[in-house]
Amino acid sequence: TIKYIFNNYIKMKTQRRMKRHVPEFQPVEPKIIESANNSGNQISEEELKSLNIISKSYFKKYRKNYVYEINFSIYSNVDQIKYGSFCFLHLYSIIIPPSLFILFPRAFKGCYYLYQIQFIKNISNQSMLKYICDEAFSDTKISSIIIPDSVKEIGSLCYPSCIFKIDLENGLPELEKIGDAAFS
């Protein structure tokens, strides 16, 4: 009888270990801007959707914060990112909207922590990006990138020397010009 009680006790303990009472959670919705320091400077999703041009001073108020990521929506209207728009922003990751037409020179100047850049497509599976200007990503730490097939020109010294994988989507059929040392 002692052996029977002991075996039941072991069996019961094993069953408890196997059955976990852990509540299930819904995955967290990705935020538009994920920041380590919420100092009251927040940009709403609607505000980001309504932007057409990101100017040099737009993200200036965020430079003291550590902005981990910026996720533009597929429905964003941004068509230009001006010179130095993300200048010295402590940014780790960015999703660039399909509406972007031109990325001006040194748009990501001083973004030494930027490791991930993703160009998303619209509902029709298209990107409007035509021009990636000189030194657009030169200060970043990206190691791989997929360049959309809509690109016509890639400027000089565009990508950092640490990049090891570059995918030219569909062979970049519209590409007309690649600047000097674009991928150095």
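Residues numbered from 1 in each chain as written. Predicted model: local features only at pLDDT ≥ 70, side-chain atom pairs only at ≥ 80, totals over all residues. Heavy atoms only, no water.

K.L.:
Just checking my understanding: could you explain the overall build of the protein chain for this structure?
P.N.:
Scanning the protein chain from N- to C-terminus turns up 2 helices and 12 strands. Reading the protein chain from its N terminus to its C terminus gives the helix and strand order α-β-α-β-β-β-β-β-β-β-β-β-β-β. The buried share among the 184 residues of the protein chain stands at 38%. For the protein chain, long-range pairs separated by at least 24 residues make up 50% of all intrachain contacts whose partners lie at least 6 apart in sequence. Summed over its atoms, the accessible surface of the protein chain is roughly 11400 Å², and 53% of this surface lies on carbon and sulfur atoms. (Helix = DSSP H or I, 4+ residues; strand = E, 2+ residues; numbered from the N terminus. Buried < 20%, exposed > 50% of the residue type's maximum accessible area, 1.4 Å probe, protein only. Contact = heavy atoms within 4.5 Å. Areas by Shrake-Rupley, 256 points an atom, 1.4 Å probe, with all protein chains shown as cover.)

K.L.:
What should I look at first to understand the sheet that holds strand β10 (residues 153-154) in this one?
P.N.:
One open sheet accounts for 6 strands, arranged β2-β4-β6-β8-β10-β12; its pairing is parallel. Two strands close off the open sheet at either side, each with one partner strand: β2 (53-54) and β12 (177-178). Bridge analysis of strand β8 (residues 131-132) against β10 gives 2 bridges, and the strand direction is parallel. Bridged to I132 within β10 is I154. (Pairing = 2+ DSSP bridges.)

K.L.:
What am I meant to see in unusual backbone geometry here?
P.N.:
Outside of glycine, negative phi angles account for most residues, and trans bonds account for most peptide bonds. The backbone of N125 sits at a positive phi, close to 60 degrees, despite the residue not being glycine. By the element assignment, N125 lies in the loop between β7 (116-119) and β8. The backbone of A181 shows a phi angle near 50 degrees, a positive value even though the residue is not glycine. Residue placement: A181 occurs in the segment after β12. Judged by relative accessible area, which is 42%, A181 ranks as partly exposed.

K.L.:
Which parts of the structure should I look at to understand the nonpolar core?
P.N.:
One broad rule of soluble globular proteins: the nonpolar side chains tend to lie buried together. Formed by 38 residues in total, the largest nonpolar core has its most connected members in F86, I94, F108, I132, F137 and Y159. Taken together, the elements giving at least two residues each to this core come down to β3 (67-71), β5 (93-96), β7 and β9 (144-147). Each residue touching I94, except ones within four places of it in the same chain, is listed here: I70, F72, F86, F108, L114, Q116, I117 and Q118. (Core = buried A, V, L, I, M, F, W, Y, C linked by side-chain atoms within 4.5 Å.)

K.L.:
Please clarify how the side chain of S127 should be interpreted in this entry.
P.N.:
The topology assignment puts S127 in the loop between β7 and β8. In terms of polar contacts, S127 uses its side chain to reach the backbone amide nitrogen of L129, at 3.4 Å. Every residue in contact with S127, bar those within four places of it in the chain, is listed here: P98, K121, P148 and S150. (Polar contact = N/O pair within 3.5 Å; in protein donor to acceptor, adjacent residues only side chain to side chain.)

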